[in-house]
Amino acid sequence: NPKEVYKNNSYWDDDWISALSQEIASADVSKSSLEITMNVLWLAAADALDELRSLISDIRGYSHELSFGCDEAVELLTARPFDAVFLLAPLEDSSTEEAIEAVRSVDSRTSVIVRNLSGTVAEAVRAVKLGVTHYLGPETDGDIDALRLALDSVKHTSAKPRPHSPLEPDEP
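Residues numbered from 1 in each chain as written. Predicted model: local features only at pLDDT ≥ 70, side-chain atom pairs only at ≥ 80, totals over all residues. Heavy atoms only, no water.

Draft legend 1. The overall build of the chain, seen in detail. Secondary structure summary: the chain contains eight helices and five strands in total. Starting at the N terminus, the α and β elements of the chain follow one another as α-α-α-β-α-β-α-β-α-β-α-β-α. Looking at the 172 residues of the chain, the share that counts as buried comes to 35%. Across the chain, every contact between residues at least 6 apart in sequence was considered, and the portion connecting residues at least 24 apart equals 62%. As displayed, the chain offers around 10,800 Å² of accessible surface, 52% of which is attributable to carbon and sulfur atoms. (Helix = DSSP H or I, 4+ residues; strand = E, 2+ residues; numbered from the N terminus. Buried < 20%, exposed > 50% of the residue type's maximum accessible area, 1.4 Å probe, protein only. Contact = heavy atoms within 4.5 Å. Areas by Shrake-Rupley, 256 points an atom, 1.4 Å probe, with all protein chains shown as cover.)

Right, here's the structure in full:
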């Protein structure tokens, strides 16, 4: 009770303490407002805008930014950090492998999720070797739960401190 805590302090008057108590009691603090927000960069071809809108409207609880092409994604990643890049393959301006390498070259700690509905097992293996966190193939077409599961697993790992990079100097 704020009134008990501050009753001996002459700065806090009873009216202020009552108002504060009422605010605290009526505060709408939902579980989602306490969760860690994850910044997701969606990388897709320009003709995938409708698909992106549909996916993003079904996936709540994340901060979303859209990028239509590899060059634009690199610019955005250079400007600020993202927890994950969700790549909807194929792209118009680069191959899936080139896009993965470009994203990882900006920040190797950024998780990369690839969704390639026309991908092959060989492409999935190459993507994982390049550092992709999750590869969602043709079997995930229309499976919004697979997309959520991939993002949620990244969300839980990004809540932890990022590992120290050997390329960064040690702190004193």
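Draft legend 2. Representation of the pairing of strand β4 (residues 111–116) in the model. With six of six residues buried, β4 lies mostly within the body of the structure. In β4, alternate side chains face the same way, and those of S111, I113 and R115 on one face and V112, V114 and N116 on the other are all buried. With helix α6 (residues 96–106) bridging strand β3 (residues 84–89) and its parallel neighbour β4, the resulting β-α-β unit is right-handed. Tracing the backbone out of β4, into helix α7 (residues 121–129) and back to the parallel element strand β5 (residues 134–136) gives a crossover that is right-handed. (Right-handed = clockwise from strand over helix to strand, strands pointing away.)

Draft legend 3. Inspection of the confidence of the model for the chain at higher detail. Chain-level pLDDT for the chain is 75 on average; 70% of the residues reach the 70-or-more range. Taken element by element, the chain is modelled with least confidence in helix α1 (residues 2–6), mean pLDDT 42, and with most confidence in α6, mean pLDDT 94. Note on residues 1–12: pLDDT under 50 across the span, and 10 contacts to partners over four residues away in sequence or across chains. Below a pLDDT of 50 lies the segment residues 29–34, which in the model reaches one contact outside its immediate sequence neighbourhood of four places, other chains included. (pLDDT = per-residue confidence, 0-100.)

Draft legend 4. Spotlight on the side chain of D107. Its location among the elements puts D107 in the loop between α6 and β4. Looking at D107, its side chain comes within polar contact range of the main-chain nitrogen of R109, at 2.9 Å. (Polar contact = N/O pair within 3.5 Å; in protein donor to acceptor, adjacent residues only side chain to side chain.)

Draft legend 5. Summary view of the pattern of salt bridges. With the rule as written, the count across this model stands at four salt bridges. With its nearest N and O atoms 3.3 Å apart, the salt bridge here joins E97 to R126. With E97 in helix α6 and R126 in helix α7, the pair connects residues that are 29 residues apart, well separated along the chain. Given the relative accessible area of 21%, E97 is considered partly exposed. (Salt bridge = Lys/Arg side-chain N within 4 Å of Asp/Glu carboxyl O.)

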